[in-house]
Amino acid sequence: MALKRGLSSVGIHRNKSSGFRLPFVTLVVFSVLAPLVFFVGRGLYISDENGVQSGFTKQNVDWREKLALQSIKNLFTKEVIDVVTTSTVDLGPLSLDSFRKGNLSASWKVTRVEISVEDNGTSQSNQKTTDLKQEISQVKEGKLLDDDHSHDTPAKTLRRQLRDNRRKKRAAELVQQDDEATVKLENAAIERSKAVDSAVLGKYNIWRKENENDNSDSTVRLMRDQIIMAKVYVGIAKLKNKLDFLQELQIRLKESQRALGESTADADLPHSAPVKIKAMGAVLSKAREQLYDCKLVTGKLRAILQISEEQVRSLKKQSTFLSQLAAKTIPNAIHCLSMRLTIEYYLLPLEKRKFPRSENLEKPYFYHYALFSDNVLAASVVVNSTIMNAKDPSKHVFHLVTDKLNFGAMNMWFLLNPPGKATIHVENVDEFKWLNSSYCPVLRQLETAAMKEYYFKADHPTTYGSSNLKYRNPKYLSMLNHLRFYLPQVYPKLDNILFLDDDIVVQKDLTGLWSVDLHGKVNGAVETCGESFHRFDKYLNFSNPHISRNFNPNACGWAYGMNMFDLKEWKKKDITGIYHKWQNMNEDRVLWKLGTLPAGLITFYGLTHPLEKSWHVLGLGYNPSVDKREIERAAVIHYNGNMKPWLELAMTKYRPYWTKYIKYDHPYLRSCNLSE
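Residues numbered from 1 in each chain as written. Predicted model: local features only at pLDDT ≥ 70, side-chain atom pairs only at ≥ 80, totals over all residues. Heavy atoms only, no water.

Re the overall build of the protein chain
Check the secondary structure of the protein chain and you find 26 helices and 10 strands. By residue count, 37% of the 676 residues in the protein chain fall in the buried class. In the protein chain, the share of contacts with a sequence separation of at least 24, taken over all contacts with a separation of at least 6, comes to 75%. For the protein chain, the exposed surface amounts to about 41000 Å²; the carbon and sulfur share of it is 55%. (Helix = DSSP H or I, 4+ residues; strand = E, 2+ residues; numbered from the N terminus. Buried < 20%, exposed > 50% of the residue type's maximum accessible area, 1.4 Å probe, protein only. Contact = heavy atoms within 4.5 Å. Areas by Shrake-Rupley, 256 points an atom, 1.4 Å probe, with all protein chains shown as cover.)

Here it is, written out as structure tokens:
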């Protein structure tokens, strides 16, 4: 019984599982077979539809196409419908959804073109189908040419015209962009050319023939290269005893050197240059075949390079010397002026050699200026520019000191051209009897044999600093340059004095400087240091313990040229004594080289009050990029550097600031050919 119950229970379980499996199988069959039957049926329907299409009645086709055309006409214009219809020839049917979504490209727009669309869509469609079949068969047979448009439909011709128009429009845009870019480049080149300063670059001009393009001297460079290689092969020919070939090389070398001459551009070469180049090229080709040896050629080229480097160093040294000489030499016209004035002065009676208003020379409440110069024209510009920009010239007093050679000329000029209501007085430095070698260390050092050798045997190889010709400047021999350290001795009754160099121009009233509080300092000056430029380590030898212990290498430098000195504080702090101390220690020039600025930095260390930079703008004698706005805002502009405004070396864009204070129609200036 138990066994029967077990079997019956198993049977029941099987029956139950069979009952569940049947619906599941049915569901799977319908879910898989139903789509398959649908797609197969659809395919058969489409195939059958295509197969029996010819059996449809013409009335049904016309009715359907007319209905479709009527719906499309409500959505689009005739031109768009025509384009969509004809596009089926090449690209197959287009989706109207893209047009409904507003994706119609601008290139599909048609203007001033009208194409009629007939209502009999069936005949038009059949004609297009026939044309398509013909074109396909022609392509297969290779009979259809790209440039044969004789059988094109009007719509296809329209599309081709649209494509051509788009290409032309794009080409025109590219040409316009290219023209705009060219104009921008030209304008940029013009702006860059305006920044070129002829004084800085010598006779350079951006519009010269040889500067028209980057390869203007390519022939010159080729000839130079040929000459170098010819020299190499001449040396190798001598080593290998190729005398006949050596003679031929030397002949061609001399011919090329004569043809090249001093030419720096192709335009300077003679007409025979191409012939010489061709002849030299043939000889060099022959030399390469007979004489070329890599090791020998390399050695010869290295020797030529070393010789060239030595020549460049020698020429640089010579150029430095000549530039320093040119910068410190008085031009002939100014020397002529000085001589003429000197003669006129010593022909004057003694009573006519005196300046008026001499009682103002020691009045402490007047505005006193110290000017030490041996250049008559430069001194006149300083005085004239100061007076012309002063609010009350009658309270300004100028103390001029010059040497005995220019004493007569300086007096005569200001006697002939008095500075209005201002007071002026001229002195001779050689008449300062207290300024002697027993008191002044510089005078004593100038009399030593070492100093004489330094100045008058500058080419001696063992001379200290022989490589730096800048410091062998004649101005360092003149006491006019060192007199600035003796202001209280020269003007013992004055409390304040404004020191001016002779290479400055005053552009504004300077009386405000007398109101500046120096806070107990002696020297009021404009600082010149940037991030690292013009700091103490540029001027002083910090490897010397005397310098390194007493001064900060990063201390900011300042400028001579326009300095307000408090002479009362000067005397209290014994500034002249400090100067003498350090000058005695620098007798062998180990602390600093020659010049007054390093000595001034040491003497006034911690005793200089910085002034506003607008009081004194520097760099017009060496820097071609001084901001014009800074120049125009400055009270004083300074032509410090070698390019002084009275020299031909002067930068032309800065020179007008100086020349406007000179009357070139003055008889003495005309007689000495002085002109702008």
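Some words on the nonpolar core
Ranked by internal contacts, the top residues of the largest apolar core, which has 63 residues, are Leu 337, Leu 400, Leu 510 and Trp 658. Tallying contributions element by element places helix H13 (residues 376-388) first for this core, with 8 residues. Residues in contact with Leu 400, not counting those within four places in the same chain, are Leu 371, Ala 379, Val 383, Met 410, Phe 414, Ile 424, His 425, Val 426 and Glu 427. Phe 499, Ala 525, Phe 542 and Ala 555 belong to the second largest nonpolar core, which has 45 residues in total. (Core = buried A, V, L, I, M, F, W, Y, C linked by side-chain atoms within 4.5 Å.)

Remarks on the sheet that holds strand S1 (residues 367-372)
Hydrogen bonding along the main chain pairs the strands of a sheet, whether they run parallel or antiparallel. As summarised here, the arrangement of the 7 strands in space is S3-S2-S1-S4-S7-S6-S8, forming an open sheet in which the pairing is mixed. Each having just a single partner strand, strand S3 (423-428) and strand S8 (608-610) make up the two edges of the open sheet. With strand direction ignored, the average angle separating the axes of adjacent strands in the sheet is 25°. With 5 bridges joining them, strand S4 (residues 496-500) and strand S7 (residues 562-566) adopt antiparallel strand pairing. Paired with Asn 496 across the two strands is Asp 566, which belongs to S7. (Pairing = 2+ DSSP bridges. Axes fitted to C-alpha atoms, helices over the stretch in contact; angles between N-to-C directions.)

Section: the pattern of salt bridges
As enumerated under the stated definition, the model contains 11 salt bridges in all. A salt bridge links Asp 501 to Arg 484; the shortest N-O distance between them is 3.8 Å. Of this pair, Asp 501 sits in the loop between S4 and strand S5 (504-506) while Arg 484 sits in the loop between helix H17 (479-482) and helix H18 (487-490), and the two are 17 residues apart along the sequence. In this structure Asp 501 comes out as buried when scored by relative accessible area, which is 14%. Lys 644 serves as the salt-bridge partner of Asp 503, at 2.5 Å between the closest nitrogen and oxygen. (Salt bridge = Lys/Arg side-chain N within 4 Å of Asp/Glu carboxyl O.)

Some points on unusual backbone geometry
Of note in the backbone geometry, Arg 357 takes a positive phi value of approximately 60° without being a glycine. With phi around 50°, Asp 574 is a residue other than glycine that occupies positive phi space. Tracing the backbone shows Asp 574 in the loop between helix H21 (567-573) and helix H22 (575-585). Judged by its relative accessible area of 46%, Asp 574 falls in the partly exposed class.

Brief notes about the environment of Arg 633
Locating Arg 633 in the fold gives a position in helix H24 (residues 628-633). Sequence spacing of Arg 633 and Trp 615 is 18 residues, and the spatial spacing of their C-alpha atoms is 8.6 Å. Once residues within four sequence positions are removed from consideration, Arg 633 is found in contact with Lys 508 and Ser 614.

Remarks on the UniProt feature "coiled-coil region" (unreviewed entry) in the protein chain
Those places that UniProt annotates as "coiled-coil region" (unreviewed entry) correspond, in this numbering, to residues 236-266. Helix makes up 71% of residues 236-266 and strand 0%, and the two end C-alpha atoms of the span are 30 Å apart. (UniProt positions renumbered as here; feature names shortened; annotations may be inferred.)

As for the pairing of S3
With 6 bridges connecting them, strand S2 (residues 396-402) and S3 associate as parallel partners. Each residue of the ladder has a partner; that of His 399, found in S3, is His 425. Handedness of the crossover is the feature at issue here: the chain leaves S2, passes through helix H14 (residues 407-416), returns alongside S3, and the resulting connection is right-handed. (Right-handed = clockwise from strand over helix to strand, strands pointing away.)

Regarding the packing of aromatic side chains
Throughout the structure, instances matching the rule amount to 25 aromatic pairs. Ring centres of Tyr 345 and Phe 407 lie 6.3 Å apart, and the angle between their planes is 85°; on these two criteria the pair is classed as edge-to-face. With a gap of 62 residues between them, Tyr 345 in helix H12 (residues 332-346) and Phe 407 in helix H14 connect regions that are remote in the sequence. Across the pair, Phe 407 and Tyr 345 agree in class, each one buried. For the cation-ring pair, Arg 484 lies above Tyr 560, with the distance from its terminal atom to the ring centre recorded as 4.6 Å. (Phe/Tyr/Trp six-rings, centres within 6.5 Å; stacked < 30°, edge-to-face > 60°. Lys NZ or Arg CZ within 6 Å of the ring centre and 35° of its normal.)

Considerations on the state of the cysteines
Going through the model one piece at a time under the given rule, you end up with 2 disulfides. Between the sulfur atoms of Cys 336 and its disulfide mate Cys 672 the distance is 2.2 Å. Judged by the sign of its S-S torsion, about -70°, the bond between Cys 336 and Cys 672 is left-handed. Note that Cys 336 is positioned in helix H12 and Cys 672 in the segment after helix H26 (667-671), a separation of 336 residues in sequence. (Disulfide = S-S within 2.5 Å.)

Looking at the pairing of S4
Counting buried residues along S4, 4 of its 5 residues qualify, which places the element largely inside the surrounding structure. Across 3 bridges, S1 lies against S4 in parallel orientation. When the bridges of S4 are listed, Leu 371 appears paired with Leu 500.

Structural notes on the sheet that holds strand S9 (residues 616-617)
On the basis of which strands lie adjacent, the open sheet formed by 3 strands has the order S5-S10-S9 and mixed pairing. Each edge of the sheet is formed by a strand with only one pairing partner; in this case those strands are S5 and S9. When S9 meets strand S10 (residues 636-638), the two strands line up parallel, connected through 2 bridges. Across the sheet, residue Val 617 finds its bridge partner in S10, namely Ile 637.

Some thoughts on the packing of H12 against H14
Taken N-terminus to C-terminus, the directions of H12 and H14 make an angle of 80°; their axes are 7 Å apart at the nearest point. One element, H12, and the other, H14, form an angle in the roughly perpendicular class. In this structure, H12 uses Leu 337, Ser 338, Leu 341, Thr 342, Glu 344, Tyr 345 and Tyr 346 to contact H14, whose residues at the interface are Phe 407, Gly 408, Ala 409, Asn 411, Met 412, Trp 413, Leu 415 and Leu 416. Split by residue class, the contact of H12 with H14 holds 10 nonpolar, 4 polar and 1 charged. (Parallel < 35°, antiparallel > 145°, perpendicular 65-115°, else oblique. Nonpolar A, V, L, I, M, F, W, Y, C, P; charged D, E, K, R; others polar.)

Some remarks on H13
Its 13 residues give H13 an end-to-end C-alpha distance of 18 Å, which sits within 8% of 18 Å, the value for a rise of 1.5 Å per residue. The buried count for H13 comes to 11 of 13 residues, which makes it a mostly enclosed element. Among all positions in H13, only Val 376, Leu 377, Ala 378, Ala 379, Ser 380, Val 381, Val 382, Val 383, Ser 385, Thr 386 and Ile 387 are buried. (Expected span 1.5 Å × (residues − 1).)

Some details on a nonpolar patch on the surface
Judged by side-chain polarity, Phe 321, Leu 322 and Leu 325 come together as a nonpolar surface patch covering roughly 270 Å² of accessible area. Its location among the elements puts Leu 322 in helix H11 (residues 294-328). Residue Leu 322 is classed as partly exposed on the basis of its relative accessible area of 43%. (Patch = residues over 30% accessible without salt bridge, like charges linked within 9 Å, V, L, I, M, F, W, Y side chains within 5 Å.)

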